Amino acid sequence: MDKYKYFLLVFMICGFSLVQAQVDEASPKNSLFYYSGYLGKTDKVEFNLQLTQLKVSGSYILEQSGELFVFSGRMATDKSGIGVLIYTDDNKYIASMEASLLSDENDFAREINGLWKSADGISVLPVTLKKVAELAQMQLETSSNVGD
């Protein structure tokens, strides 16, 4: 590999790393998160969460039954919790959930803990989720001063 190609490769890797480092860890925008945990004490759940500013949406599946549910709602302005309404895959409202987001300085929403409440108010179950993965969607800034 000649020196020019090597320099270009190193520049591209370093440049990409710098762009990644600029992602705001404490307040991700347009981010996707994947969690695993429990609804109640025994129902294993796989949970997908998408944040777009303060809007929250996603889905979860109960492992044992395979039932899929979708949700939407809002995140608190201080990013400490979420409140969502939960629907079946055919758009029937079945529950709500209010939960705290436990974050560290470099690990936004590493855990979600809260309460799931059935639409009729009869069932109230604890929700405990731990983050398995995070996929941040980066938007690169464009400049009209390219080449200056």
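Refer to the structure above for everything that follows.
Residues numbered from 1 in each chain as written. Predicted model: local features only at pLDDT ≥ 70, side-chain atom pairs only at ≥ 80, totals over all residues. Heavy atoms only, no water.

Q: I tried to follow the pattern of salt bridges on my own but got confused; where do I start?
A: Where charged atoms from two side chains of opposite charge approach closely, those side chains can pair. One pass over the full model with this rule turns up six salt bridges. When the shortest N-O distance is used, the salt bridge between Asp104 and Arg110 registers 2.9 Å. Judged by relative accessible area, which is 41%, Asp104 ranks as partly exposed. We classify Arg110 as partly exposed; its relative accessible area is 27%. Close ionic contact of Lys131 with Glu134 constitutes a salt bridge, the shortest N to O distance being 2.9 Å. Counted as one network, the salt bridges with shared partners bring together Asp104, Arg110, Glu111 and Lys130. (Salt bridge = Lys/Arg side-chain N within 4 Å of Asp/Glu carboxyl O. Buried < 20%, exposed > 50% of the residue type's maximum accessible area, 1.4 Å probe, protein only.)

Q: Honestly, the packing of aromatic side chains in this entry has me stumped. Any pointers?
A: What describes a pair of aromatic rings is the distance from one ring centre to the other and the angle between the planes of the rings. Tallied over the entire structure, the rule returns seven aromatic pairs. On the numbers, 5.9 Å between centres and 50° between planes, the contact of Phe33 with Phe108 is tilted. Note that Phe33 is positioned in strand β1 (residues 31-39) and Phe108 in strand β7 (residues 107-118), a separation of 75 residues in sequence. By the burial criterion, Phe33 is buried, and Phe108 matches it. These aromatic residues form a ring-pair network of at least three members: Phe33, Tyr35, Phe47, Tyr60, Phe69, Phe71 and Phe108. In this arrangement the basic side chain of Lys44 is found over the ring face of Tyr38, its NZ or CZ atom lying 5.4 Å from the centre. (Phe/Tyr/Trp six-rings, centres within 6.5 Å; stacked < 30°, edge-to-face > 60°. Helix = DSSP H or I, 4+ residues; strand = E, 2+ residues; numbered from the N terminus. Lys NZ or Arg CZ within 6 Å of the ring centre and 35° of its normal.)

Q: Mind showing me how you'd approach empty space enclosed by the protein here?
A: Any space left empty among the atoms is revealed by the rolling of a water-sized probe across them. Evaluated as defined, the whole model comprises one cavity of 30 Å³ or more. For the largest cavity, the calculated volume is near 50 Å³. Every residue lining the largest cavity is listed: Leu39, Val45, Phe47, Tyr60, Met97, Trp116 and Val127. (1 Å grid on protein atoms, 1.4 Å probe; cavity = no way out; pocket = protein on both sides within 12 Å on 5 of 7 lines; lining within 4 Å. Points joined across faces, edges and corners; volume = space filled by probe spheres on them.)

Q: Hey, could you run me through the pairing of strand β3 (residues 55-62) in this one?
A: Every other side chain in a regular strand lies on the same face of the sheet, so the side chains alternate between the two faces. Inspection of the sheet shows strand β2 (residues 43-52) paired to β3 by eight bridges, in the antiparallel sense. If you follow Leu51 over to β3, its bridge partner there is Val56. Hairpin connection between β2 and β3: a loop of two residues separates the two successive antiparallel strands, and Gln53 in this loop has a positive phi of roughly 55°. Taking the residues that link successive antiparallel strands as the turn, the β3-strand β4 (residues 68-75) hairpin has five residues, and the phi of Gly66 there is positive, at about 80°. (Pairing = 2+ DSSP bridges.)

Q: Would you mind going over the side chain of Ser118 with me for this structure?
A: By the element assignment, Ser118 lies in strand β7. Owing to a relative accessible area of 12%, Ser118 belongs among the buried residues under this scheme. A polar side-chain atom of Ser118 sits 3.3 Å from the main-chain amide nitrogen of Ile122. Discounting chain neighbours no more than four positions away, the residues touching Ser118 are Ile94, Ala95 and Ser123. (Polar contact = N/O pair within 3.5 Å; in protein donor to acceptor, adjacent residues only side chain to side chain. Contact = heavy atoms within 4.5 Å.)

Q: Can you help me understand the nonpolar core in this one?
A: One broad rule of soluble globular proteins: the nonpolar side chains tend to lie buried together. In terms of nonpolar packing, the biggest core is built from 27 residues, with Phe47, Leu49, Tyr60 and Ile86 touching the most fellow members. Looking at this core, the element that brings in the most residues is strand β6 (residues 93-104), giving five residues. Ignoring any residue separated from it by four or fewer positions in sequence, one finds Ile86 in contact with Tyr60, Phe69, Val70, Phe71, Lys92, Tyr93, Ile94, Ala95, Ser96, Met97 and Trp116. (Core = buried A, V, L, I, M, F, W, Y, C linked by side-chain atoms within 4.5 Å.)

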